[in-house]
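# Understanding the architecture of this molecule
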Amino acid sequence: MDNLKQFAVRTYAFASSFLHNGLAVFGAVAVIALMMGARPAVELGVQSGPSSAFGIIRHEGISVQVSNAEKENPEYRTLAAYLSRRYRVAQDATEQLVGAAYHAGVRTGVDPLLILAVIAVESRFNPIAESVMGAKGLMQVIPRYHLDKLDALGGADSVFDPLTNILVGARILKDAVRRGGGLMPGLQLYNGAFTDDSQQYAQKVMAEKQRMQLMLKRSRPKTAA
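Residues numbered from 1 in each chain as written. Predicted model: local features only at pLDDT ≥ 70, side-chain atom pairs only at ≥ 80, totals over all residues. Heavy atoms only, no water.

### Here's the deal with the environment of L216
Within the secondary structure, L216 is located in helix α10 (residues 200-219). Residue class for L216 comes out buried when judged on its relative accessible area of 3%. Taking the C-alpha atoms as reference points, L216 and Y76, separated by 140 residues in sequence, lie 9.0 Å from one another. L216 has contacts with E75, L79 and L113, leaving out every residue within four places of it along the chain. (Helix = DSSP H or I, 4+ residues; strand = E, 2+ residues; numbered from the N terminus. Buried < 20%, exposed > 50% of the residue type's maximum accessible area, 1.4 Å probe, protein only. Contact = heavy atoms within 4.5 Å.)

### Let's talk about the confidence of the model for the protein chain
The predicted coordinates of low-pLDDT regions are not to be read in fine detail. The predicted model of the protein chain has a mean per-residue pLDDT of 75, with 66% of residues at 70 or higher. Across the protein chain, the secondary-structure element scoring lowest on mean pLDDT is helix α2 (residues 28-36), at 39, and the one scoring highest is helix α6 (residues 112-123), at 97. For residues 11-19, every residue scores under 50 in pLDDT, and the model assigns this stretch 21 contacts once sequence neighbours within four places are set aside. In the predicted structure, residues 21-63 sits below a pLDDT of 50 and forms 95 contacts with residues beyond four places in sequence or in another chain. (pLDDT = per-residue confidence, 0-100.)

### Focus on helix α9 (residues 183-191)
Buried within α9 are the following residues: G186, L187, Q188, L189, Y190 and N191. Positive backbone phi, approximately 75 degrees, marks G192, located one or two places after α9.

### Thoughts on the side chain of K209
Within the secondary structure, K209 is located in helix α10. When neighbours within four sequence positions are excluded, K209 is seen to be in contact with D111, L113, L114 and A117.

### Considerations on the packing of helix α8 (residues 162-180) against α9
Put simply, α8 and α9 touch, their axes get as near as 7 Å, and they point 125 degrees apart. Comparing their axes, α9 and α8 come out oblique. Remark: the crossing between α8 and α9 carries right-handed chirality. Contact residues: α8 offers G169, I172, L173, A176, V177, R179 and G180, while α9 offers L183, P185, G186, L187, L189 and Y190. Looking at side-chain class alone, the contact of α8 with α9 contains nine nonpolar, three polar and one charged residues. (Axes fitted to C-alpha atoms, helices over the stretch in contact; angles between N-to-C directions. Parallel < 35°, antiparallel > 145°, perpendicular 65-115°, else oblique. Left-handed = near helix turned anticlockwise from the far one by under 90°. Nonpolar A, V, L, I, M, F, W, Y, C, P; charged D, E, K, R; others polar.)

### With respect to the nonpolar core
Counting 49 residues, the largest nonpolar core has L79, L83, I115, L116, F125, I166 and L187 as the members making the most contacts within it. Secondary-structure elements contributing two or more residues to this core are α4 (74-87), α5 (91-108), α6, α8, α9 and α10. No other element matches the nine residues that α6 contributes to this core. (Core = buried A, V, L, I, M, F, W, Y, C linked by side-chain atoms within 4.5 Å.)

Take a look at the structure:
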């Protein structure tokens, strides 16, 4: 049984590697939109079809625009500001993507900082990044591999919707960790590099996550002794 499971994991990893790996092509439209930092209005309700990359990011009637209460949370704002500076993304857009990662984290049980770290490594926060092998969006989801997940959220075309992409990517990541038998092999499986014993991809993602954790720790006010 263990040999059969290992064979299945390696077969999945080989197929993922063939389709997933490839240099992401960054769109000039996304860069311009990010730099402009459009501020969407709050609106609740289900939208027919995927939302625009930098309009209101919706899923199941939930607006991902950060609420005023969340914006007043120093830790939340610090994280969005840090990612905005590091990846040269307008802070308004970054706040939406951080919010989407936290929503996906609640829904899937995946650490939102891990989700953000995967986004950083996969697409550098470009919502319309696309690899030559067909991996798309923030978390570089390959639609033909995950049509079952995308169909429930608007179909294959919704892969470029930031919230859909993040939510589906988080579900794929959770499944990869389960299949791989742990976080590090799961990250390698997510990237299609399960047979890489050096675990370079997983190390890169974890380094991004640790940078965010360290930054948040340093930003917290010191308590009096």
